[in-house]
Amino acid sequence: PPVLLGFSLDMNAGVISLNFNETVRARGSLMPSGFTIYGTNDTVSVPSLTLMPSTVVQSNNAPVVNLTLVKVDLDALKLLVQVGTSVSNTYLHIMMGAVQDMANVSNGIVTTVLQAVAFVPDTTPPNLVSYTVDFNANLTVLNFDEPVNSSSLDFTAITLLNRPINATANYT
């Protein structure tokens, strides 16, 4: 049966690379929802993220399979500050039957979690995609393309202009 030997997580690209002991059926039989990311090797008392079934399998049948996380999974993982921020807090558990080899033999029961062998941190800055201003409520809502730590925002660096070019009024 296939055995997961190691994995890596790239938070910039949102890709998990799985390294198996043999060629596995990547498309059609691999179940992304059979993979859970943990922050420690203790699967009982820590936050975790089980991948969505819609996770994209990028690879053909091979010993190394790449999974691209769907946006909802990647955003959820970024919100779990104790999980997936370094090799030391990135562990993966594979559920029995989550993957098959070329002879249609499924992986067996796995009682342990595996620590990542490589990790690429999220260094891509968030982008402001939209905003709304309600002067009556004295409220501004900023919408970014990924989760942000609101305590890291420097509100003094935000300037509102009355028009995009040749502004005649601005508010900081």
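The shown structure was predicted, so the numbers you read here are calculated from the model rather than taken from an experiment. Chains are numbered independently. Their residues run from 1 in the order of the written sequence. pLDDT decides what is reported in this predicted model: residues at 70 or higher carry local features, side-chain atom pairs at 80 or more are listed and counted, and totals for whole chains, interfaces and linings draw on all residues regardless. To get the side-chain values, all heavy atoms of the structure are used, and hydrogens and water are removed first.

Visitor: Please explain the overall build of the protein as it appears in this structure.
Guide: Under the DSSP-based scheme used, a helix requires at least four consecutive residues in state H or I and a strand at least two consecutive residues in state E, with every element numbered from the N terminus. Each helix and strand in the protein was counted, giving 1 helix and 13 strands. Start at the N end of the protein and walk to the C end: the helices and strands fall as β-β-β-β-β-β-α-β-β-β-β-β-β-β. Against the compact-globule benchmark of 16 Å for 172 residues, the protein has a radius of gyration of 21 Å, which places it well outside the compact range. Structurally, the protein occupies a C-alpha span of about 70 × 35 × 25 Å along its principal axes. Burial here depends on accessible area, computed with a 1.4 Å probe over protein chains only, as a share of the maximum for the residue type. Under 20% is buried, over 50% is exposed, and the range in between is partly exposed. Looking at the 172 residues of the protein, the share that counts as buried comes to 31%. Should any heavy atoms of two residues lie within 4.5 Å, those residues are considered in contact. Partitioning the contacts of the protein with sequence separation of at least 6, the portion at a separation of at least 24 is 55%. Carbon and sulfur atoms make up 56% of the accessible area of the protein, which amounts to about 9900 Å² in all. In this tally, Asp and Glu contribute negative charge and Lys and Arg positive charge; neither His nor the terminal groups of the chain are included. Here the site of a charge means atom NZ of a Lys, CZ of an Arg, CG of an Asp or CD of a Glu. For the protein, the distance from the average site of its 5 positive side-chain charges to the average site of its 11 negative ones is 10 Å. For the radius of gyration, the atoms used are the C-alpha atoms, and the globule rule reads 2.2 Å times the number of residues raised to 0.38. Note on areas: these come from Shrake-Rupley sampling with a 1.4 Å probe, and a residue is covered only by the protein chains present in the view.

Visitor: It is not clear to me how the sheet that holds strand β9 (residues 118-120) should be interpreted in this structure. Could you clarify?
Guide: For sheets, the rule is that strands pair by backbone hydrogen bonds, running either parallel or antiparallel. Between any two strands, pairing holds if DSSP finds at least two bridges. A sheet is described by the order of its strands in space; here 5 strands give the open sequence β5-β6-β2-β1-β9, paired in mixed fashion. Looking at which strands have only one partner, the edges of the open sheet turn out to be β5 (56-57) and β9. The sheet contact formed by strand β1 (residues 4-10) and β9 spans 3 bridges and is parallel. Each bridged residue has a counterpart across the sheet, and for serine 8 the counterpart in β9 is alanine 118.

Visitor: Would you mind showing me how to read a nonpolar patch on the surface here?
Guide: In this analysis, a patch consists of residues with relative accessible area above 30% that form no salt bridge, clustered at 9 Å for like charges and at 5 Å for the nonpolar side chains Val, Leu, Ile, Met, Phe, Trp and Tyr. Only one rule defines a salt bridge in this text: a Lys or Arg side-chain nitrogen within 4 Å of an Asp or Glu carboxyl oxygen. A cluster of nonpolar residues, Met31, Met95, Met96 and Ile109, forms a patch on the protein surface that exposes about 410 Å² of accessible area. Here isoleucine 109 is to be found in the loop between β7 (91-94) and β8 (114-115).

Visitor: Would you mind going over the pairing of strand β6 (residues 62-68) with me for this structure?
Guide: Residues in a regular strand project their side chains so that they alternate between the two faces of the sheet. Judged from the 6 bridges that link them, strand β2 (residues 15-24) and β6 form a sheet pairing that is antiparallel. Bridge pairing in β6 places valine 15 opposite threonine 68. In the sheet, β5 pairs with β6 via 2 bridges, with the strands oriented antiparallel. Considered in β6, the bridge of valine 57 is made with leucine 67. Connecting β5 to the antiparallel partner β6 that follows it, the hairpin turn spans 4 residues.

Visitor: Help me out: how do you make sense of the pairing of strand β10 (residues 128-134) in this one?
Guide: Two elements, β10 and strand β11 (residues 139-144), share 6 bridges in a ladder whose sense is antiparallel. The partner of aspartate 134 across the bridge, within β11, is leucine 139. Following β10, the chain reverses through 4 residues before pairing antiparallel with β11; asparagine 138 in that reversal takes a positive phi of roughly 55 degrees.

Visitor: What is the right way to look at the environment of phenylalanine 155 in this model?
Guide: Mapped onto the secondary structure, phenylalanine 155 falls in the loop between β11 and β12 (160-161). Once the C-alpha coordinates of phenylalanine 155 and threonine 172 are considered, the two residues, 17 residues apart in sequence, prove to be 8.3 Å apart.

Visitor: When you look at the sheet that holds strand β3 (residues 35-38) in this model, what are you seeing that I'm missing?
Guide: One open sheet holds the 4 strands; their spatial order is β4-β3-β7-β8, and the pairing between them is antiparallel. Taken across any chain shown, the strands that pair with only one partner, and hence form the sheet edges, are β4 (48-50) and β8. With 3 bridges joining them, β3 and β4 adopt antiparallel strand pairing. Looking at β4, one finds that tyrosine 38 is bridged to serine 48.

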